[in-house]
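Letter by letter, the chains look like this.
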Amino acid sequence: MSLGTKVRQFREAKRLSQDDLALRLDVTQSTISNIESDKSIPNSILLNKIAQELEVDINDLLNDSSNNIMTNNEFSDHAVAAINQYNPTFNIQSPELIESILKNQEQMARLMESQNKLIEALLKK
């Protein structure tokens, strides 16, 4: 059974729509649709979020055999091979991840600017 089929089955078992899951994961509905139709495979970060949100072990999503995909929070060689069958250039960065990082950096810059202004005001007193 494919990863996409498993994600769909676990999602439906939780009575979530693709929109619901996408909202909880901070991705688009089309991202979930592409994963479930095996048009794309989630990066390791999103895959972990999916497993957590669906309350399943990541091994249950990626593996049909008894081999563990992840142990001690590290992907096994078997897991990397399973992921590489979908994407030979294993890359944990997705457009959603990059966008989120950039937003966080902008927020941090604004907070640091505010903090600097407060410090300057305190020092002037």
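So, here's what we can say about the structure. What you see is a predicted model, and the numbers here were worked out from it, not measured in a lab.

**Some points on the environment of Ser40**
Phase 1 of the analysis: With respect to the helices, strands and loops of the structure, Ser40 is situated in the loop between helix 3 (29-36) and helix 4 (44-53).
Phase 2 of the analysis: For the pair Ser40 and Gly4, spaced 36 residues apart in sequence, the C-alpha separation works out to 8.6 Å.
Phase 3 of the analysis: Among all residues touching Ser40, those that are not within four sequence positions of it are Asn34 and Ile35.

**Notes on helix 4**
Phase 1 of the analysis: Within the sequence span of helix 4, burial applies to Ser44, Leu46, Leu47, Ile50 and Ala51. Projected onto a plane normal to the axis of helix 4, the buried residues spread over an arc of 160° and lie on a single side.
Phase 2 of the analysis: Its side-chain oxygen placed 3.0 Å from the backbone nitrogen of Ile45, Asn43 serves as the N-cap of helix 4.
Phase 3 of the analysis: Count one or two residues on from helix 4 and you reach Glu55, which has phi positive near 55°.

**Remarks on the environment of Gln9**
Phase 1 of the analysis: Note that Gln9 resides in helix 1 (residues 3-13).
Phase 2 of the analysis: Measuring from C-alpha to C-alpha, the distance between Gln9 and Glu36 comes to 9.2 Å, with 27 residues separating the pair along the chain.

**Examining the nonpolar core**
Phase 1 of the analysis: Core analysis: the largest hydrophobic core is formed by 19 residues, its most contacted members being Leu3, Val7, Leu21, Leu25, Ile50, Leu54 and Leu61.
Phase 2 of the analysis: In terms of residues, this core owes the most to one element, helix 4, which gives 4 residues.
Phase 3 of the analysis: In this structure, Ile50 is in contact with Val7, Leu25, Ile35, Pro42 and Leu61, ignoring residues within four places of it in sequence.

**Overview of the packing of helix 2 (residues 18-25) against helix 4**
Phase 1 of the analysis: Running from amino to carboxyl end, helix 2 crosses helix 4 at an angle of 115°, the nearest separation of the two axes being 10 Å. Crossing hand, helix 2 versus helix 4: right-handed. Two secondary-structure elements touch here, helix 2 through Leu21, Arg24 and Leu25 and helix 4 through Leu46, Lys49, Ile50 and Glu53.
Phase 2 of the analysis: Among the residues forming the contact of helix 2 with helix 4, the class breakdown is 4 nonpolar, no polar and 3 charged.

**Side note on unusual backbone geometry**
Phase 1 of the analysis: Residue Arg15 is not a glycine yet carries a positive backbone phi of 60°.
Phase 2 of the analysis: One can find Arg15 in the loop between helix 1 and helix 2.
Phase 3 of the analysis: One non-glycine residue, Glu55, lies in the positive phi region at around 55°.
Phase 4 of the analysis: The residue Glu55 is located in the loop between helix 4 and helix 5 (58-62) in this model.
Phase 5 of the analysis: We classify Glu55 as exposed; its relative accessible area is 62%.

Rules and cut-offs
Residues numbered from 1 in each chain as written. Predicted model: local features only at pLDDT ≥ 70, side-chain atom pairs only at ≥ 80, totals over all residues. Heavy atoms only, no water. Helix = DSSP H or I, 4+ residues; strand = E, 2+ residues; numbered from the N terminus. Contact = heavy atoms within 4.5 Å. Buried < 20%, exposed > 50% of the residue type's maximum accessible area, 1.4 Å probe, protein only. Arc of directions from axis to C-beta. Polar contact = N/O pair within 3.5 Å; in protein donor to acceptor, adjacent residues only side chain to side chain. Core = buried A, V, L, I, M, F, W, Y, C linked by side-chain atoms within 4.5 Å. Axes fitted to C-alpha atoms, helices over the stretch in contact; angles between N-to-C directions. Left-handed = near helix turned anticlockwise from the far one by under 90°. Nonpolar A, V, L, I, M, F, W, Y, C, P; charged D, E, K, R; others polar.

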